[in-house]
Amino acid sequence: MLKTAKALITSAGKQLGLSSATIEQLLEINKEHQFEITLPDGKRFPAYRVQHNNKRGPYKGGIRFHPEVDFDEVRALAILMTMKTAALDLPLGGAKGGVVVNPRELNDAALEQISREYVRFLKDHIGPHQDIPAPDVNTNPAIIDWMVDEYSVLTGDTTRASFTGKSVARGGSLGRDAATGRGGVFALNDLLKDQGINDKPLTYALQGFGNVGSFFALVAKSDHPNWQLVAASDSATAVYNPKGLDAKTLADFKNGGGRFVDFDQKEQQISNDDLIGLDVDVLVLAALGDAVTERNADQVRAKYIIELANGPVNDAAFTTLNKRGVIILPDIIANAGGVVVSYLEWVQNTKNERWSEARVNSELKRYMTRAMRDLLQLSKSKQTSLTEAAFMLAIKHLLDVA
Ligand code: NAD
């Protein structure tokens, strides 16, 4: 992932005519923090925070708790956060954090200790105007609430602007839970509008009916009834109905703890591989990285792919699909709705305000639409893919060049 991120930035930088020295500077990481968290029972957990770039504002990026957290992956994700915040023209930089831990093997008390220790190690390097972490894989508002509390106890900060992704009761923003999916709907609509087909009936298949995927489908159902969901998957299986699936029925089923393998309806069960190869207009990837690779890129029949997960189409697959004329809406813009609303949460905290969900959604739309307009324009003027154009857009904002 680190190699891919660097290659994308290097290639975009070259297309913008930047010198090798300037490209090197873009890739340089400002600060890395590596430490170990030890619990009273002696268990030890390696932990990281990588602060890539703060040229545009405080560092911003999630903290993940996962047994496979790896330093290079955290570095890559920090670099991609810089690109994402810059592409969206947010006054923020990029960072990422992680702890090598399997939260499923720990009780709440141990998780709380790890969360608080993480903040104790980093307290001098984070804060509302320095570095504003957020939840990521396996971290949630409850964990962030512990972290904010620890930060407040240690520093006396009462703004709660030191972290985003808090529970709404503790200063979180309305609309954050749906933000990434909703932002994806705004972005896809702008792309389809540009193609002149947003009002036409179209079908889509959705890999990964989790937080992001389910909100994408629910918002699409209400805003674009002409977009027909025909397949949706979780990690085990996919449900498929060429006549259409109801997003709300699926969301209720999943929220009740269901697995699609037990979905007791008339829909067909298909594999995740089958879903990738369905004859649909749009393929929505909202599960994991590397969902489409050289192994299955040839099976893709959709004309459009929207990357709601981070890096769901790998380099080799990108090259194949790009040659075939498949249009890929890249992750750093397609899934940026979450960081946009994180920024809005920070703004509310620093001003001591509470915005309505309608206001948050309308601000989110404004940011997404502006980024999509600039992305489409740049892709046309440079005659390049949306993925390359997204990185070029980010770099232009980072270097403040027209
Ligand atoms: P989630 O855990 O809520 O949902 C993930 C979904 O993918 C689940 O339904 C899971 O069953 C499914 N899944 C897992 N492995 C799969 C596989 N091999 N094949 C098909 N489906 C599989 O996570 P989420 O918060 O919805 O995030 C989804 C993706 O979006 C992740 O890659 C995440 O990094 C990225 N992302 C999330 C946000 C956010 O705001 N949550 C923001 C930006 C990017």
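### Quick word on the pairing of strand E10 (residues 282–285)
So, step 1. The side-chain alternation of E10 yields two buried faces, one formed by Val282 and Val284 and the other by Leu283 and Leu285.
So, step 2. Direction of pairing for strand E6 (residues 202–207) relative to E10: parallel, over a ladder of four bridges. Directly across from alanine 205, in E10, lies its bridge partner leucine 283.
So, step 3. Relative to strand E11 (residues 304–307), E10 runs parallel, the two sharing four bridges. Counted as the bridge partner of leucine 285 is glutamate 307 from E11.

### Re helix H5 (residues 141–155)
So, step 1. Between the first and last C-alpha of H5 there are 21 Å, a value that for 15 residues agrees with the 21 Å anticipated at 1.5 Å per step.
So, step 2. Within H5, the full set of buried residues consists of Ile143, Ile144, Asp145, Trp146, Met147, Val148, Glu150 and Tyr151.
So, step 3. Buried residues along H5 sit against strand E3 (59–66), helix H4 (108–122) and strand E5 (131–135).
So, step 4. The first or second residue beyond H5 is glycine 156, which carries a positive phi of 80 degrees.

### As for the packing of H4 against H5
So, step 1. H5 packs onto H4 with a crossing angle of 45 degrees between their chain directions and a minimal axis gap of 9 Å. When the interaxial angle is binned, H4 and H5 end up oblique. Pair H4 / H5 crosses with right-handed handedness. Between H4 and H5, the contacting residues are Asp108, Leu111, Glu112, Ser115, Arg116, Tyr118, Val119 and Arg120 on the first element and Ile143, Trp146, Met147, Asp149, Glu150, Tyr151 and Leu154 on the second.
So, step 2. Looking at side-chain class alone, the contact of H4 with H5 contains eight nonpolar, one polar and six charged residues.

### Some remarks on unusual backbone geometry
So, step 1. Even without glycine at this site, asparagine 352 takes up a positive phi of about 55 degrees.
So, step 2. Structurally, asparagine 352 is set in the loop between helix H12 (337–351) and helix H13 (357–381).
So, step 3. Taking the relative accessible area as the measure of exposure, asparagine 352 reaches 73% and is therefore exposed.

### So, the sheet that holds strand E2 (residues 44–53)
So, step 1. Read across the open sheet, the five strands follow the order E1-E2-E4-E3-E5; overall the sheet is mixed. Each of the sheet's edge strands pairs with one partner strand only, and the pair in question is strand E1 (31–38) and E5. For this sheet the average axis-to-axis angle between neighbouring strands, irrespective of direction, equals 20 degrees.
So, step 2. Sheet topology places E1 next to E2; eight bridges connect them, and they run antiparallel. Along E2, the bridge assignment pairs glutamate 32 with valine 50.
So, step 3. Strands E1, E2, E3 and strand E4 (94–100) of the sheet are contacted by H4, whose axis makes an angle of about 140 degrees with E1.

### Concerning the site of the ligand
So, step 1. Lining the immediate environment of the ligand, one finds 19 residues, of which Thr180, Asn211, Val212, Ser235 and Ala287 sit closest.
So, step 2. Considering the ligand on its own, with 830 Å² of exposed area, one finds that the protein chains cover 70% of that surface.
So, step 3. Taken together, the residues that form the shell around the ligand break down as seven nonpolar, ten polar and two charged.

### Remarks on the environment of lysine 43
So, step 1. Of note, lysine 43 is situated in the loop between E1 and E2.
So, step 2. If sequence neighbours within four positions are ignored, lysine 43 has contacts with Ile37 and Thr38.

### Re the domain arrangement of the protein chain
Often the size quoted for an interface is simply the accessible area lost on bringing the parts together.
So, step 1. Under the domain assignment used here, the protein chain contains domain 1 (17–163) and domain 2 (179–334).
So, step 2. If you average the C-alpha positions of domain 1 and of domain 2, the two centres end up 29 Å apart.
So, step 3. On the domain 2 side, the residues contacting the five residues of domain 1 number four residues.
So, step 4. At the boundary of domain 1 with domain 2, total buried surface from both sides reaches about 410 Å², with 65% on carbon and sulfur atoms.

About the criteria used
Residues numbered from 1 in each chain as written. Predicted model: local features only at pLDDT ≥ 70, side-chain atom pairs only at ≥ 80, totals over all residues. Heavy atoms only, no water. Buried < 20%, exposed > 50% of the residue type's maximum accessible area, 1.4 Å probe, protein only. Helix = DSSP H or I, 4+ residues; strand = E, 2+ residues; numbered from the N terminus. Pairing = 2+ DSSP bridges. Expected span 1.5 Å × (residues − 1). Contact = heavy atoms within 4.5 Å. Axes fitted to C-alpha atoms, helices over the stretch in contact; angles between N-to-C directions. Parallel < 35°, antiparallel > 145°, perpendicular 65-115°, else oblique. Left-handed = near helix turned anticlockwise from the far one by under 90°. Nonpolar A, V, L, I, M, F, W, Y, C, P; charged D, E, K, R; others polar. Near = heavy atom within 4 Å. Areas by Shrake-Rupley, 256 points an atom, 1.4 Å probe, with all protein chains shown as cover. Domains from an automatic or database assignment. Buried area = accessible area lost by both parts, 1.4 Å probe.

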